[in-house]
Amino acid sequence: MRDRIEKRTAEIAVIGLGYIGLPTAIMFANAGFKVTGYEIRKDVVERINSGKAHIVEPDIDDLLRKAIESGKLRATSNPADIRGKDVYIICVQTPLREDRTPNLTYLESAVETVAKAMKPGSLIVIESTIPPLTTVRMAELVEELTGLKPGRDFYMVHAPERVMPGRIFRELVYNSRILGGITSESAELAERLYRSFVKGQIFRTKSTVSEVVKLMENTFRDVNIALANEFAYLAHQYGINVFEAIELANSHPRVKIHVPGIGVGGHCLPKDPHLLVWPAKDDFGLIRLAREINDGMPLLVKDLLFEALRTINLPPEKAVVAVLGLAYKGDSDDTRNSPASAFVEAIVDDVAEVRTYDPFVEGTHGSLEEALRGADAVVIATDHTVFRSLDWETLGKLMRNRVLIDGRRVVEVPPEGFVFKGVGRGEY
Ligand code: SAJ
């Protein structure tokens, strides 16, 4: 197997051709391996085989076309096509259920598919973000289904992805990778495999360590953002601008406070802290509390809005509110777990009308002017660059009342004639 990997004659199956699976399959194919991508969505399979990607990512169309035209990559929905491969790489989603426990059914069904298809001596890699101890459990599941002994009859590794959408192909090559094996031989084999395109550092460890590392990275950000958000609450009580205070605190060489705002969205940060503590018997509660603080931020923005409406004597139920931005972060069209949507939900039953405008998101108002005409209040919920240079004097003329609430530190100096409030802007 070692030899086949070195000579790139090893055959690879990638299970799940989404945001991570498709770019990974493309990278291995263009490194010279024969790759079969397995995906249950038949329309996606057809698209990929015709050389067209179903996801938006810089360079993906050229790289995919190259992989398809060289004959190294082929997508399929037929499990028979992935029988007897040397390497299986699982890239399926691991979302949360309503009750915030992990839903591992996609992963388990991918592992079952692999168990049916694999031969003795195969290497199974899980790239999905998973709760601690899951790789070992999945190795046991394979043993149950096949009778093969983990570490002796097959190899298994957790190789968490660490890329950022918009920079996937650069980061796949240059980021460092953590490879957690159920045995040291498993991790060593995986290192040989990933070296075919990774130029960053590769660290080998145990699978439970790599699982924890991936989850710690995003939990670190989530907890630190929660701390910044708590500072923002305090700034309201003390009547100061939290951003000025943070900037001054960050002039200390060993302090780096994050950015407070309307909340934390996306597909990773709101989920990964739950995965990290889920299998534990006990924890200190800090990680859960940070999640609660961040999930509660849209309600702080609601309080600011209602306070501002009180100052102009407009009952909320008469107010027309325009929300600018629905994406979870600036300059993105991604609305997954967006705090902007949570904010809309939090006010929709209490006000006369909510309008949304996001230049990147379909289904929102066609134009900013249209969204603001006759509105009483504007709430900025996403830090899109275009929102930083709006002409509030002109826009204000379209509005019935002029209330401006900034959830994302987009407005530095409140425009003339507006009642202004913002997260962490305790001075107003
Ligand atoms: N946010 C704040 N304050 C901050 C930083 C972020 O409120 O100081 C908010 C953002 O507005 C957004 C949310 O947090 O709503 C998450 O944004 P993000 O840019 O931190 O994270 P993601 O989910 O877009 O991507 C992260 C990336 N991690 C880092 O930047 C460290 C990415 O590299 C990871 O691969 C990805 O999570 C992942 O897959 O885990």
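None of these values were measured; they are calculated from a predicted model.

Chemist: For this particular structure, what's the right way to read the sheet that holds strand 6 (residues 155-158)?
Modeler: Remark on secondary structure: sheet strands pair via backbone hydrogen bonds, oriented parallel or antiparallel. Ordered by their spatial adjacency, 8 strands build an open sheet running 3-2-1-4-5-6-7-8, and the pairing between neighbours is mixed. On the outer flanks of this sheet lie strand 3 (73-76) and strand 8 (202-206), each paired with one strand and no other. For this sheet, the mean angle separating the axes of adjacent strands, direction not counted, is 25°. With 4 bridges joining them, strand 2 (residues 34-38) and strand 3 adopt parallel strand pairing. Residue pairing in the sheet places Gly37 in a bridge with Ala75 of strand 3. Along the sheet, helix 6 (residues 134-146) makes contact with strand 5 (123-126) and strand 6, crossing strand 6 at roughly 150°.

Chemist: Please explain a nonpolar patch on the surface as it appears in this structure.
Modeler: Taken together, the side chains of Leu234, Tyr238 and Ile240 define a hydrophobic patch exposed on the protein surface, amounting to about 300 Å² of accessible area. Along the chain, Tyr238 turns up in helix 9 (residues 207-238).

Chemist: How do you make sense of the pattern of salt bridges when you look at a structure like this?
Modeler: Pairing of side chains with opposite charge becomes possible as their charged atoms draw close. Counted by the stated rule, this structure contains 30 salt bridges. The partner of Arg177 in a salt bridge is Glu127, with the nearest N and O atoms 3.3 Å apart. Remark: Glu127 occurs in the loop between strand 5 and helix 6 and Arg177 occurs in strand 7 (residues 177-181); sequence separation between them is 50 residues. With a closest N to O distance of 2.9 Å, Arg336 and Asp334 form a salt bridge. By relative accessible area, which is 16% here, Asp334 ends up buried. Overlapping salt bridges, with partners in common, bring together Arg2, Glu6, Glu188 and Arg192 in one network.

Here is what the cut-offs are and how they apply
- In this convention, every chain numbers its residues from 1, walking through the sequence in written order.
- Only residues with pLDDT of 70 or above have their local features reported here, since the model is predicted, and side-chain atom pairs are shown and tallied only from 80 upward, although totals for entire chains, interfaces and linings are computed over all residues.
- The basis for the side-chain values is all heavy atoms of the structure; hydrogens and waters are excluded.
- Here, strands pair whenever DSSP counts at least two bridges between them.
- Put simply, DSSP H or I for four residues or longer makes a helix, DSSP E for two residues or longer makes a strand, and each gets a number counted from the N terminus.
- Angular values range over 0 to 180 degrees, each being the angle between N-to-C directions of two axes fitted as lines to C-alpha atoms, with helices fitted over their stretch in contact.
- Here a residue-residue contact requires only that any non-hydrogen atoms of the pair lie within 4.5 Å.
- Patches draw on residues past 30% relative accessible area with no salt bridge. Two like charges within 9 Å are joined, as are two nonpolar side chains (Val, Leu, Ile, Met, Phe, Trp, Tyr) within 5 Å.
- Each accessible area is a Shrake-Rupley result for a 1.4 Å probe, and residues are judged covered by the shown protein chains and nothing else.
- Salt-bridge detection follows one rule: a side-chain nitrogen of Lys or Arg within 4 Å of a carboxyl oxygen of Asp or Glu.
- Exposure is judged per residue with a 1.4 Å probe applied to protein chains only, and the accessible area is read against the type maximum: over 50% gives exposed, under 20% gives buried, and values in between give partly exposed.

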